[in-house]
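Coordinates in review
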Amino acid sequence: MAICSPSSSSSSSDKAWIVHGLLAGAAIAAAGAYAVVSLRRSGNLRNRVVGIIPARFASSRFPGKPLVQILGKPMIQRTWERANLASTLDHVVVATDDENIAECCRGFGADVVMTSESCQNGTERCNEALEKLGKKYDIVVNIQGDEPLIEPEIIDGVVKALQGAPDAVFSTAVTALKPEDGFDPNRVKCIVDNRGYAIYFSRGLIPYNKSGKMNPNFPYLLHLGIQSYDSKFLRIYPQLPPTPLQLEEDLEQLKVLENGYKMKVIKVDHDAHGVDTPEDVQKIELMMQERNIS
């Protein structure tokens, strides 16, 4: 994985937000004042970081997905092993509501936090796990359990982006959108301002031009599932009521934006390798064999 370098055809605004998204400790102009006042820590770069891997057994498209074998190891184990390579994480845990998943994870040495079946999404599961951990962390990283090839550098990137943006409560990552994914509702798109803050996420193509077709010269962005949160904000998140855009798009990030909080975004050079269906397992295995990943 490499951080993207702007091409010569990129606009100056593209260059600005990519650079700002990766400079930990950069001075960020105050915005979203109420969020800054209530959530930021004076003189503290939010150094204590925990990675949480939410894992549930129930899945409409792929029940039991965390336990599927990928070249002889459960997928959740491969994700956990990759997460442990990130230099910014002080601790990595699995949060699950299923005892089979918990038993599997304990078997390969992972710390497990049992969470409620009532959690509506990974963010709520991370919040419950954080409360049950009983330790003080400044940042919580939500690491998708179905990304067995997650790059440790991406985990470190979103952590450093949040540490460097005291007015943000959330950070995430995007990569270049492939043309064939432009109209796929399972591929979430993102638009970002010229300082690297999220403007909007959508299952539809954004921006959308008058021709109704993708512009081959426009740098569309694909949202990657990894997210990090200020721990104080994470405790607030479940108390925020659902918002119209969140419900319409079925995207939890929109509840953050609709409530006026700021979200930092970094751009990375990464080909998304999530496992959404049983057919994806073979693709991942072939990719791992090509890269000599055992």
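The coordinates are above.
First, a word on scope: everything that follows refers to the structure included in this document.

Tallied over the entire structure, the rule returns 10 salt bridges. With a shortest N-O distance of 2.6 Å, R48 and D138 are connected by a salt bridge. In this pair, R48 is assigned in the loop between helix 2 (33-39) and strand 2 (49-55) and D138 in the loop between helix 5 (122-133) and strand 7 (139-142), connecting sequence segments 90 residues apart. Judged by relative accessible area, D138 falls into the buried class, the value being 1%. With a shortest N-O distance of 3.4 Å, R82 and E151 are connected by a salt bridge. Note that R82 is positioned in helix 3 (residues 75-83) and E151 in the loop between strand 7 and helix 6 (152-163), a separation of 69 residues in sequence.

The next subject is the packing of aromatic side chains. Tallying each qualifying case throughout the model produces 5 aromatic pairs. Look at F170 and Y229: their rings are 5.2 Å apart centre to centre, the planes differ by 85°, and that puts the pair in the edge-to-face class. In this pair, F170 sits in strand 8 (residues 170-176) while Y229 sits in strand 11 (residues 221-230), placing the two residues 59 residues apart along the sequence. Each member of the pair, F170 as well as Y229, carries the same accessibility label: buried. Ring centres 4.9 Å apart and planes at 55° place the aromatic pair F218 and Y220 in the tilted group. Ring pairs connect the aromatic residues F233, Y237 and Y261, which therefore count as one cluster. Above the face of the Y197 ring, K262 is positioned so that its terminal group lies 4.2 Å from the ring centre. A cation over an aromatic ring shows up here: K264 above the ring of Y197, its NZ or CZ 4.3 Å from the ring centre.

Conventions and cut-offs
- Residues numbered from 1 in each chain as written.
- Predicted model: local features only at pLDDT ≥ 70, side-chain atom pairs only at ≥ 80, totals over all residues.
- Heavy atoms only, no water.
- Salt bridge = Lys/Arg side-chain N within 4 Å of Asp/Glu carboxyl O.
- Helix = DSSP H or I, 4+ residues; strand = E, 2+ residues; numbered from the N terminus.
- Buried < 20%, exposed > 50% of the residue type's maximum accessible area, 1.4 Å probe, protein only.
- Phe/Tyr/Trp six-rings, centres within 6.5 Å; stacked < 30°, edge-to-face > 60°.
- Lys NZ or Arg CZ within 6 Å of the ring centre and 35° of its normal.

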